[in-house]
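Here is what each chain is made of, one letter per residue.
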Amino acid sequence: RVVSRRLACGDVEGRLEAIFGRVRAIQAKSGRFDMLLCVGNFFGSASEAEWAEYRTGARKAPIPTYVLGANTQDTLSYFPDVSGCELAENITYLGRRGVFSGCSGLQIAYLSGTEAQEQPAPAHSFSAKDVAELKASLLSSPSFRGVDILLTSPWPRDVGTFANSTGEIDTKKCGSKLVSDLAASLKPRYHFAALEKAYYERLPYRNHMVLQETPQHVTRFIALADVGNTSKKKYLYAFSIVPMSSMDPAELVKQPQDVTENPYRKLRKEAPKSKAEEEPAHQFFFDLNKHQGKKRPSDGKERGDSQPKQAKKPPQPTGPCWFCLASPEVEKHLVVSIGTHCYLALAKGGLSPDHVLILPIGHYQSVVDLSSEVLEEVTKYKAALKEFFRSKGKRYVLFERNYRSQHLQLQVVPVPLDLCTSEDIKEAFIAQAQEQQIELLEIPEHSDITQVAQPGTPYFYVELDTGEKLLHRIRGRFPLQFGRCVLASEALLAQPQRADWRQCAAQRPEEAAQARAFRREFEPFDFSLRA
């Protein structure tokens, strides 16, 4: 297989002798590289004198050099043909947008200019149409898996989501949304950008939804600084790459230990999938279509009609339990609703006065241990709470920690609708999980936790009232207050002082008053009163 040795550099700004001198020094020390890829501003305001020597052939670039087009009106005159052309010996302008494939089979997608802020787009800018046409040219192939390299001048907007620090660059404001969309669709193995006069190598991110799609290769985003900058920020990046088309598929999709969630999750969800991205249900370890809601047999064979889960008595606690309703340890003044199999109680030291728990009356350790009739009533309570909280302008977040706990506690915490979206909540959980090296995975849309977690398996589980779900399989230590910490963080409720319930506990009379108030407001939604 062919290993390509490439160099990528940031804004040259017309400093041709500086960049080519550095390339000569590197090649003298480390051997020949195949090409130099330049992103950002190749020409600057004072380029003419140096450029004349290369344009006339008096000087020659020491390596085949490929550059992107103008980012400003001032430098448009250096690019005589918008479709791409040779500017000087060994220096080639790639063009406005397209795909460059070398003899090695390496596929390089490129997009010149900055995102247009007006229509029609100026000659130094790209529009949504440019991005759509570039995507269509590649995604129309049923065998498309991604490109090896993507070259853009602007950073992609939000590339810092779920990532290591970007320093002074605010990726929620800086960069291009269209470039984010392009990167989300083209799935480059390397994506280079510039213009921000900063060096930033993002942790690699995955290009598939865990548990929902077969594994795919990761993307490495690298932003490069300007050539010859006085702060000595990195502007030249050397790397070796084997074309995707020549790689063993298993080797291609290996996930490095520091891989993160995809920063463009929202865009990937909104975008229609290409034929190459659509996966048949049988590729998952549970069937998402054929037997909705049933576990798939582990040997891969059908076992005939499965029997419904039989009602069984819950196991008895081994000692005193604070949550079995018949137990003398239960703080009954916090109870606000009692059904046939479950009850609701205000959380002691809750994140808010209407933070409640859904609890089975009998002793069950986790959701995956529940019998079918108990699970059915849990679902009814969730639906009632969703309707109740929505009537108060809130959405709920539910979480369960099946780790160092005896009795199932489904924590239900309301969050004001105008404070954050469900996507904000999900991102807050995933971001804080990554900071603590916790792998929080999204459960497929039409599946539930009983399909992906076995009884007795420790886990942490989050569910939004939209039905979206996240799961972490606990294999070692796990922070007991993780769910509360995320919700109390500045990103969501902005009450970090309430992360520990012990710091929030009220006196019994106050708790009883809060329970009475909740009971009174919840009454119109409480199905147990109509039974």
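Residues numbered from 1 in each chain as written. Predicted model: local features only at pLDDT ≥ 70, side-chain atom pairs only at ≥ 80, totals over all residues. Heavy atoms only, no water.

- If you look the protein up in an unreviewed UniProt entry, it shows as CWF19-like protein 1 from Vireo altiloquus.
- The UniProt entry for the protein carries this comment under Sequence similarities (unreviewed entry): "Belongs to the CWF19 family." (UniProt positions renumbered as here; feature names shortened; annotations may be inferred.)

## Quick look at the overall build of the protein
Thinking step 1. Tallying secondary structure elements over the protein gives 11 helices and 23 strands in all.
Thinking step 2. Within the protein, counting contacts between residues at least 6 apart in sequence, those at least 24 apart form 72% of the total. (Helix = DSSP H or I, 4+ residues; strand = E, 2+ residues; numbered from the N terminus. Contact = heavy atoms within 4.5 Å.)

## Remarks on the sheet that holds strand β20 (residues 410-416)
Thinking step 1. In spatial order, the strands read β16-β17-β18-β20-β19-β22-β23-β21; together these eight strands make up an open sheet with antiparallel pairing. Taken across any chain shown, the strands that pair with only one partner, and hence form the sheet edges, are β16 (335-338) and β21 (441-443). The average angle at which neighbouring strand axes cross in this sheet is 25°, direction not considered.
Thinking step 2. Relative to β20, strand β19 (residues 394-402) is paired through six bridges, and the arrangement is antiparallel. Across the sheet, the residue bridging to lysine 394 is proline 416, located in β20.
Thinking step 3. Across the sheet, helix α7 (residues 372-391) is in contact with β16, β17 (342-346), β18 (356-360), β19, β20 and β22 (459-464); its angle to β19 comes to roughly 145°.
Thinking step 4. Running at roughly 165° to β22, helix α8 (residues 422-435) makes contact with β19, β21, β22 and β23 (469-473) of the sheet. (Pairing = 2+ DSSP bridges. Axes fitted to C-alpha atoms, helices over the stretch in contact; angles between N-to-C directions.)

## Here's the deal with the environment of alanine 431
Thinking step 1. Its location among the elements puts alanine 431 in helix α8.
Thinking step 2. Here the alpha-carbon distance between alanine 431 and glutamate 261, two residues 170 residues apart in the chain, equals 8.6 Å.

## Focus: the packing of helix α3 (residues 128-139) against helix α4 (residues 177-186)
Thinking step 1. Contact geometry of α3 with α4 gives a least axis separation of 10 Å together with a crossing angle of 5°. Regarding the angle of α3 to α4, the classification is roughly parallel. Contact residues: Ala128, Val131, Leu134, Lys135, Leu138 and Leu139 in α3; Leu178, Asp181, Leu182, Ser185 and Leu186 in α4. (Parallel < 35°, antiparallel > 145°, perpendicular 65-115°, else oblique.)

## Some words on α4
Thinking step 1. Among the 10 residues in α4, nine count as buried, and that is most of the element.
Thinking step 2. Among the residues of α4, those classed as buried are Leu178, Val179, Ser180, Asp181, Leu182, Ala183, Ala184, Ser185 and Leu186.
Thinking step 3. For α4, the N-terminal cap is serine 176; the gap from its side-chain oxygen to the backbone nitrogen of leucine 178 is 3.1 Å.
Thinking step 4. Of the residues one or two after α4, lysine 187 is the one with positive phi, at around 50°. (Buried < 20%, exposed > 50% of the residue type's maximum accessible area, 1.4 Å probe, protein only. Polar contact = N/O pair within 3.5 Å; in protein donor to acceptor, adjacent residues only side chain to side chain.)

## Some points on the sheet that holds strand β5 (residues 91-93)
Thinking step 1. The strand order β4-β5-β3-β2-β1-β15 describes an open sheet built from six strands, whose pairing is mixed. Both edges of this open sheet fall to β4 (85-88) and β15 (236-241), since each of them pairs with a single strand only. Across the sheet, the mean angle from the axis of one strand to that of its neighbour is 25°, orientation sign disregarded.
Thinking step 2. With four bridges connecting them, strand β1 (residues 4-9) and strand β2 (residues 35-38) associate as parallel partners. Across the sheet, the residue bridging to alanine 8 is leucine 37, located in β2.
Thinking step 3. Strand contacts of helix α1 (residues 16-30): β1, β2, β3 (65-67), β5 and β15, with the helix running at about 45° to β15, the strand carrying the most contacts.
Thinking step 4. Against the sheet, helix α2 (residues 48-55) touches β4 and β5, its axis set at about 110° to β4.

## Regarding the pairing of β20
Thinking step 1. With six of seven residues buried, β20 is to be regarded as a mostly interior element.
Thinking step 2. Relative to β20, β18 is paired through three bridges, and the arrangement is antiparallel. Across the sheet, the residue bridging to valine 356 is valine 412, located in β20.

## What to know about the nonpolar core
Thinking step 1. Formed by 35 residues in total, the largest nonpolar core has its most connected members in Ile358, Leu385, Val412, Ile449, Tyr459, Phe518 and Phe522.
Thinking step 2. If you list the elements that add at least two residues to this core, you get β17, β18, α7, β19, β20, α9 (449-452), β22 and α11 (508-522).
Thinking step 3. A total of seven residues in this core trace back to one element, the largest contributor, which is α7.
Thinking step 4. Of all hydrophobic cores here, the second largest spans 30 residues; its members include Phe42, Val67, Val227 and Leu236. (Core = buried A, V, L, I, M, F, W, Y, C linked by side-chain atoms within 4.5 Å.)

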